[in-house]
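Summary of the model geometry
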Amino acid sequence: MTNATLPALGTDSVPATAIDVRGLSKSFRRRPVLNDVQLSVPTGSVLGLLGKNAAGKTTFLKCLLGLIRPDAGAAILLGHSSWTLPPSIKASIGYVPQLVTHPAWMNIAQIVEYTASFYPRWNDHLVSRLLLEWELDESQKAGSLSLGTQQKLAIILALGHEPSLLILDEPAASLDPAARRDFLKALLDIAADGSRTILFSTHITSDLERVADSVAILQRGVIRYHGALDELKDSVKRLHITTPAPLTLPQLTIPNVLHTRLAGNTATITVQHLNPDLIPTLRRTLGATDIRTEDLNLEDIFLELHHD
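Worth saying up front: this structure is predicted, and the values here are computed from it rather than measured. Residue positions within a chain follow its written sequence, with the count starting from 1. Local features in a predicted model are, by the rule used here, given only for residues with pLDDT of at least 70; side-chain atom pairs are given and counted only at 80 or more, and totals for whole chains, interfaces and linings are based on all residues. Side-chain numbers come from the whole structure's heavy atoms, not from hydrogens or water.

This paragraph deals with the sheet that holds strand S14 (residues 290–295). Here, a strand pair is defined by DSSP locating no fewer than two bridges between the strands. Strands here mean DSSP runs of E at least two residues long; helices mean DSSP runs of H or I at least four residues long; both are numbered from the N terminus. Across the sheet, which stays open at both edges, the 4 strands sit in the order S12-S13-S11-S14 with antiparallel pairing between neighbours. Of all strands in the sheet, those with a lone pairing partner are strand S12 (257–263) and S14, marking the two edges. In this sheet, neighbouring strand axes are inclined to one another by 15° on average, regardless of whether the strands run parallel or antiparallel. Relative to strand S13 (residues 266–272), S12 is paired through 6 bridges, and the arrangement is antiparallel. What sits directly across from alanine 263, in S13, is threonine 266. The contact rule is simple, with two residues in contact once any of their heavy atoms fall within 4.5 Å. Angles run from 0 to 180 degrees between N-to-C directions of axes, and those axes are lines fitted to C-alpha atoms, restricted for helices to the stretch in contact. Running over the sheet, helix H10 (residues 298–305) touches strand S11 (236–242), S12 and S13 and is turned about 90° from S12.

All right, on to the sheet that holds strand S2 (residues 31–42) then. Across the sheet, which stays open at both edges, the 4 strands sit in the order S2-S1-S4-S5 with antiparallel pairing between neighbours. Whereas interior strands pair on both sides, the edge strands pair on one side only; in this sheet they are S2 and strand S5 (80–81). Pairing analysis gives 5 bridges linking strand S1 (residues 17–28) to strand S4 (residues 72–77), with the strands arranged antiparallel. When the bridges of S4 are listed, isoleucine 19 appears paired with leucine 77. The sheet contacts of helix H1 (residues 57–65) involve S1, S2 and S4, and relative to S1 the element is tilted by about 120°.

This is the structure in structure tokens:
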């Protein structure tokens with residue numbers, strides 16, 4: 001999917017805020033899945049949604065799209081309530097679900113033609129080029145496609161009408177490494193003009209680090225963090241502390257600690273919002289002989305935020 005750039009949108013085509021979620025809550029059989037979720041996504045941004053399995057990511061995306069009615073709150077997409085989206089706004093949204101299904105008896109060409117009939121605008125040239133670059137045989141029936149090829153087709157169909165908002169639920173889960181690389185390149189190309197917005201849920205943190213400019217972490221039905229990816233990585237650090245004598249937990253009462261591991265006279269502490277004065281304070285109070293600060297990648301931060 002190299003150079004899969006979509007034509008730029010006009011500046012008046014989309015509002016300044018593409019997604020505005022206000023107090024969204026949803027339960028199933030009295031089990032809360034989403035609890036007062038708040039989220040605002042500016043137009044032109046690429047937001048990665050992270051969360052453990054069963055954290056509520058798919059439920060959140062379905063509520064966002066108006067596929068599931070929330071128990072409370074509202075989701076506003078491109079200036080309209082997701083539950084009552086007018087046809088013109090629906091035609092501006094692309095969606096790839098986590099589980100992709102295509103009519104088994106139809107071939108790829110027929111599926112493309114069928115999908116295109118629902119949209120007032122369809123870029124035949126773009127779709128044909130992507131089918132060629134991703135080596136999809138238009139005569140092949142959907143029932144014979146591998147999971148990865150079905151996912152490729154779903155992504156292409158979601159791009160065919162040149163959406164201003166693209167919502168993807170684990171879009172690269174079934175793709176091989178080469179296809180994932182091309183797909184991520186395509187996302188960057190699509191978002192390059194600054195008028196299109198992409199929200200994608202993924203468990204592959206390395207993918208998110210390559211394409212997202214912001215991240216939202218969903219934990220136990222609430223947004224634990226939402227902000228710039230670089231700011232999150234700057235805010236979480238791991239300290240490696242060495243002292244002359246063995247350490248105990250009461251000695252390491254530190255604000256904003258996410259996780260502490262002790263091993264004799266060494267301690268490993270992960271801290272969020274590290275205060276610059278903390279290190280000299282620890283040197284003084286603990287008599288530390290060495291304190292080393294470690295930067296963490298997104299996967300490490302995600303795991304630390306989910307320590308019980």
